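Here's the letter readout for the chains.
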Amino acid sequence: MQTAHEVPDKVVLNDELKQYMDTSDEWISSRTGIRQRHVSTGQTTADLCTSVAQQLLAQSGWSADDLDFIIVATMSPDYMTPATAAIVQNRIHAQHAFAFDLSAACSGFIYGLRVAKDLLAGDCHRGLLIGGEVLSKLVDWQERSTAVLFGDGAGGVLLEQSDETASQFLASDLQTLGELGDRLTAGYQPVTSPFATDATDPHQRYFEMDGRAVYKFATHDVPRSIERAVTASSLMVKDVDYFLLHQANQRIIDQIAKRLAQPTDKFLSNVANYGNTSAASVPILLDEAVRNGTIQRGQTIALSGFGGGLTIGTQLIQY
Ligand SMILES: O=C(O)C1CCN(c2ccc(-c3cc(CO)ccc3Cl)cn2)CC1
């Protein structure tokens, strides 16, 4: 499993946000653990994902012609159509790959791992799964409760059909709580036409979040998802070497560690540097942990995403 990531060069420190809203480094860092985030100055989700795809091919030695599929997990695509994955497919000239986007917000990369695993169990031999976001275009930069939380970036993996890859994927647990969907919304597109007479949904294009509700959901339901995946893998929570959770908020990560009764040093974290990058957060964290040697071959890793939908996804892997 090759890993790679790409973030915009522009770094915005917490204190720089004081120019746009009433906030402070102290509030942001104490309540979220975030100290900075990378923000696009013009790069699109497709741009970031294309860079990740090019890195993955260069690292693996495979050519774009060898790819059977490209999946981009994103809640911030460049267009409704073409899919961001299709833009990437064109740019890297992966002429034999079918390409599609997957929309599951912060669980998108984990949902994508399940889809990719099933494709590789069939007639597909090689593919890319990339989580990519430019959330800065979905943020109301005057709304301090949400604007301080998010960042831009992309991360991904090149997966191949092999006995090793098949054995790497242990159990997964994917859940959607649609009844809580309105607790976290972004990118609403109202019905507009000469015939539109009914009142449209009050939601808007920018992020809106019931922080308390999403916080409670994350701290209650994510531990349960991890426990289901671990049990289904005939393992115990203590057998997991590292937990790579969606990087939304350090207090949430610490609370999940407490509920699982596991030491916090098993829970890798880079939320301080990137903020919440939704579908990109787990693959960025995975790539950094592989590159800095934290994650070693043979270790048991729990990958968990959670957020919009509301969704949860946990994938256990034997790295
Ligand atoms: O302490 C405070 O006042 C607030 C309390 C609420 N907080 C939250 C709450 C939820 C999220 C969040 C967001 C997403 C969206 O991708 C997904 C998953 C989560 Cl768990 C992030 N922060 C921030 C600090």
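About the thresholds
Residues numbered from 1 in each chain as written. Predicted model: local features only at pLDDT ≥ 70, side-chain atom pairs only at ≥ 80, totals over all residues. Heavy atoms only, no water. Helix = DSSP H or I, 4+ residues; strand = E, 2+ residues; numbered from the N terminus. Buried < 20%, exposed > 50% of the residue type's maximum accessible area, 1.4 Å probe, protein only. Contact = heavy atoms within 4.5 Å. Near = heavy atom within 4 Å. Polar contact = N/O pair within 3.5 Å; in protein donor to acceptor, adjacent residues only side chain to side chain. Nonpolar A, V, L, I, M, F, W, Y, C, P; charged D, E, K, R; others polar. Domains from an automatic or database assignment. UniProt positions renumbered as here; feature names shortened; annotations may be inferred. Buried area = accessible area lost by both parts, 1.4 Å probe. Salt bridge = Lys/Arg side-chain N within 4 Å of Asp/Glu carboxyl O.

A. Quick look at the environment of N273. Within the secondary structure, N273 is located in helix α9 (residues 271-274). Using a relative accessible area of 36% as the deciding quantity, one classes N273 as partly exposed. When the C-alpha positions of N273 and V12 are compared, they lie 9.8 Å apart, and in sequence the two are 261 residues distant. Excluding anything up to four places from it in sequence, N273 contacts Q36, R37 and H38.

B. How the structure looks around the site of the ligand. Neighbouring the ligand are 17 residues; R31, C106, R251, I252 and N276 lie closest to it. Within the side chain of R31, an N or O atom sits 2.9 Å from an oxygen atom of the ligand. A distance of 2.9 Å separates an oxygen atom of the ligand from a polar atom in the side chain of R251. Where the shell around the ligand is concerned, the elements lending two or more residues are α1 (25-32), α7 (211-232), α8 (250-259) and β12 (300-307). Per element, the largest residue contribution to the shell around the ligand is 3 residues, and it comes from α7. Classifying every residue of the shell around the ligand by side-chain character gives 10 nonpolar, 5 polar and 2 charged. In terms of domain composition, the shell around the ligand takes at least three residues from each of domain 1 (2-160) and domain 2 (168-318).

C. Structural detail: helix α10 (residues 281-291). Most of α10 is tucked away, with 8 of its 11 residues classed as buried. Turning to α10, its buried residues number three or more, namely S281, V282, P283, I284, L285, L286, D287 and A289. In the segment just after α10, G293 is the residue with positive phi, at about 80 degrees.

D. Representation of the UniProt feature "active site" (unreviewed entry) in the protein within the structure. Residues given the UniProt feature "active site" (unreviewed entry) here are C106, H246 and N276. Across 171 residues in sequence, these annotated residues keep their C-alpha atoms within 8.8 Å of one another, forming a single compact spot. Among the structural elements, H246 can be located in the loop between β11 (242-245) and α8. Within the secondary structure layout, N276 lies in the loop between α9 and α10. Among all residues touching N276, those that are not within four sequence positions of it are C106, L135, L149, F150, G151, H246, Q247 and A248.

E. Geometry of the domain arrangement of the protein. On domain assignment, one finds that the protein holds domain 1 (2-160) and domain 2 (168-318). On a C-alpha basis, the centres of domain 1 and domain 2 stand 15 Å from each other. Between domain 1 and domain 2, the contact holds 48 residues from the first and 46 residues from the second. Sorting the residues of domain 1 by area buried against domain 2 places C106, I110 and Y111 first, and these three jointly supply 18% of that buried surface. Scanning the region where domain 1 abuts domain 2 turns up 0 salt bridges. Counting across the domain 1 and domain 2 interface gives 25 residue pairs in polar contact (both at pLDDT 80 or more). Elements that contribute at least two residues to the side of domain 1 that touches domain 2 include exactly β1 (2-6), α1, β3 (36-38), α2 (45-60), α4 (108-120), β6 (126-134) and β7 (152-160). Ranked by the residues each element gives to the side of domain 1 that touches domain 2, the list is headed by β7, at 7 residues.

F. Inspection of the pattern of salt bridges at higher detail. For the structure shown, the criterion picks out 11 salt bridges. Of the charged contacts in the structure, one is a salt bridge between D118 and K117, with a shortest N-O distance of 3.8 Å. Salt-bridge contacts for D182 lead to R183; the nearest nitrogen and oxygen are separated by 2.6 Å. Overall, the relative accessible area of 46% leaves D182 in the partly exposed class.

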